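These are the residues of each chain, in order.
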Amino acid sequence: MPQIVNIAIDRLFPHADNPRKDLGDLSELAASIKASGILQNLTVVPDELDNSNTDFTIIIGHRRYAAAKIAGLTELPCVVVEMSEREQLQTMLVENMQRSDLTVYEQAQGFQMMLNMGDSVAEIAEKSGFSQTTIRRRVKLLDLDRQKFQKAESRGATLNDYLELDKLDSPEDKNKALDAIGTANFNSVLKSLISEQEIRKKFAEWTEIADSSRRRRCKCHKVQPRPRRRRLLPPDS
């Protein structure tokens, strides 16, 4: 069983790639820690394996660390482990997902980071518990404008709202709909964009049919070159 050790808080640092960017309101947690201390240890990795004075990077426990700093604690209970960069990212992602601490966009970023590090969609699904379809849909959300996405999240957008965006093909239309997610106008804006999309598709089909018909007519009515007449020479006299 891993040993728990107390580490000075000024030797602990948040992980730069922690999928959870917004730690939320820490006031209640800080008050609880100030009153009762840290009840659950952090999980950390050493920055330098062979250095007894090394600093440590937090893998699990970012909120507890931030709240403990507010509460004025000087050291925290930690379990020190060794992990590869991929294992660190996977652990942070899965741990946050199990707690439902990540926003939809943060999940998408986490999945993309795992893909960038060489995991397949099937491997991510096995490790995270999410279906392969969900993972692909989340990653597709990264094509959207990040600021618009964050504003939609602040308006209380739901996962079903984001799934509705799959009805639109182009990122441009999805970003337009994103502006309306979380408002009373979302359904009407989405319906209008879907209608415009269908009109564009019909117009493209009609244009292709007309062009194809025109090409066939041109081929049928193409003037064939007249055969060259041979010049007759006068008979020898």
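See the structure shown above.
Since the structure is predicted, the reported quantities are computational estimates derived from the model, not experimental observations.

Cut-offs used in this document
Residues numbered from 1 in each chain as written. Predicted model: local features only at pLDDT ≥ 70, side-chain atom pairs only at ≥ 80, totals over all residues. Heavy atoms only, no water. Helix = DSSP H or I, 4+ residues; strand = E, 2+ residues; numbered from the N terminus. Buried < 20%, exposed > 50% of the residue type's maximum accessible area, 1.4 Å probe, protein only. Contact = heavy atoms within 4.5 Å. Phe/Tyr/Trp six-rings, centres within 6.5 Å; stacked < 30°, edge-to-face > 60°. Pairing = 2+ DSSP bridges. Patch = residues over 30% accessible without salt bridge, like charges linked within 9 Å, V, L, I, M, F, W, Y side chains within 5 Å. Areas by Shrake-Rupley, 256 points an atom, 1.4 Å probe, with all protein chains shown as cover. Salt bridge = Lys/Arg side-chain N within 4 Å of Asp/Glu carboxyl O. Core = buried A, V, L, I, M, F, W, Y, C linked by side-chain atoms within 4.5 Å. Axes fitted to C-alpha atoms, helices over the stretch in contact; angles between N-to-C directions. Parallel < 35°, antiparallel > 145°, perpendicular 65-115°, else oblique. Left-handed = near helix turned anticlockwise from the far one by under 90°. Nonpolar A, V, L, I, M, F, W, Y, C, P; charged D, E, K, R; others polar. Polar contact = N/O pair within 3.5 Å; in protein donor to acceptor, adjacent residues only side chain to side chain.

1. Re the overall build of the protein chain
Logical step 1: Of regular secondary structure, the protein chain possesses ten helices and five strands.
Logical step 2: Across the 237 residues in the protein chain, those meeting the buried criterion constitute 35%.
Logical step 3: Long-range contacts, defined as pairs at least 24 residues apart, comprise 70% of the intrachain contacts of the protein chain with a sequence gap of at least 6.

2. Brief notes about the packing of aromatic side chains
Logical step 1: Following the criterion strictly, the structure yields three aromatic pairs and no others.
Logical step 2: Measuring from ring centre to ring centre gives 4.8 Å for Y105 and F149, while their planes differ by 55°; the resulting arrangement is tilted. Of the two residues, Y105 sits in helix α4 (residues 104-116) while F149 sits in helix α7 (residues 146-154), which places them 44 residues apart along the sequence. Neither residue differs from the other here; Y105 and F149 are each classed as buried.
Logical step 3: Where F149 meets Y162, the ring centres are 4.6 Å apart and the plane angle is 10°; that geometry is what we call stacked. Taken together, the residues span a long stretch of sequence, with F149 in helix α7 and Y162 in helix α8 (residues 159-164) at a distance of 13 residues. Accessibility assignment for this pair places F149 and Y162 in one class, buried.
Logical step 4: Through a chain of ring-to-ring contacts, the aromatic side chains of Y105, F149 and Y162 assemble into a single cluster.

3. Re the sheet that holds strand β3 (residues 42-46)
Logical step 1: Ordered by their spatial adjacency, five strands build an open sheet running β1-β5-β3-β4-β2, and the pairing between neighbours is mixed. The open sheet has two free edges, formed respectively by β1 (4-8) and β2 (12-13), since each of these has just one partner strand.
Logical step 2: The pairing of β3 with strand β5 (residues 75-80) spans three bridges and is parallel. Bridge pairing in β5 links L42 to C78.

4. Quick look at a nonpolar patch on the surface
Logical step 1: Judged by side-chain polarity, F203, W206 and I209 come together as a nonpolar surface patch covering roughly 410 Å² of accessible area.
Logical step 2: Residue placement: I209 occurs in helix α10 (residues 186-220).
Logical step 3: Relative accessible area serves as the criterion here: at 56%, I209 is assigned to the exposed category.

5. Things to note about the pairing of β3
Logical step 1: Of all five residues making up β3, five are buried, and the element is well covered by its neighbours.
Logical step 2: One ladder, built from four bridges, connects β3 with strand β4 (residues 56-60); its direction is antiparallel. Of the residues in β4, the one forming a bridge with V45 is T57.

6. Quick word on the nonpolar core
Logical step 1: With 17 residues, the main nonpolar core has F149, Y162, L165, L178 and I181 as its most contacted residues.
Logical step 2: Counting residues per element, the ones that place at least two in this core are α4, α7, α9 (171-180) and α10.
Logical step 3: With residues near it in sequence (within four places) discarded, I181 still touches A152, R155, A157, D161, Y162, L165 and F186.

7. Here we look at the packing of helix α1 (residues 27-36) against helix α2 (residues 62-71)
Logical step 1: At a minimum axis separation of 8 Å, α1 and α2 run at an interaxial angle of 65°. Judged by the inter-axis angle, α1 sits roughly perpendicular to α2. Here α1 runs over α2; the crossing is right-handed. Of α2, the residues touching α1 (which contributes L29, A30, I33 and K34) are R63, R64, A67, A68, I70 and A71.
Logical step 2: In the contact of α1 with α2, the residues fall into seven nonpolar, no polar and three charged.

8. A look at the side chain of T57
Logical step 1: With respect to the helices and strands, the residue T57 is situated in strand β4.
Logical step 2: A distance of 2.8 Å separates the side chain of T57 from the side chain of D47, its partner in a polar contact.
Logical step 3: Every residue in contact with T57, bar those within four places of it in the chain, is listed here: F13, P14, H15, T43, V44, V45 and D47.

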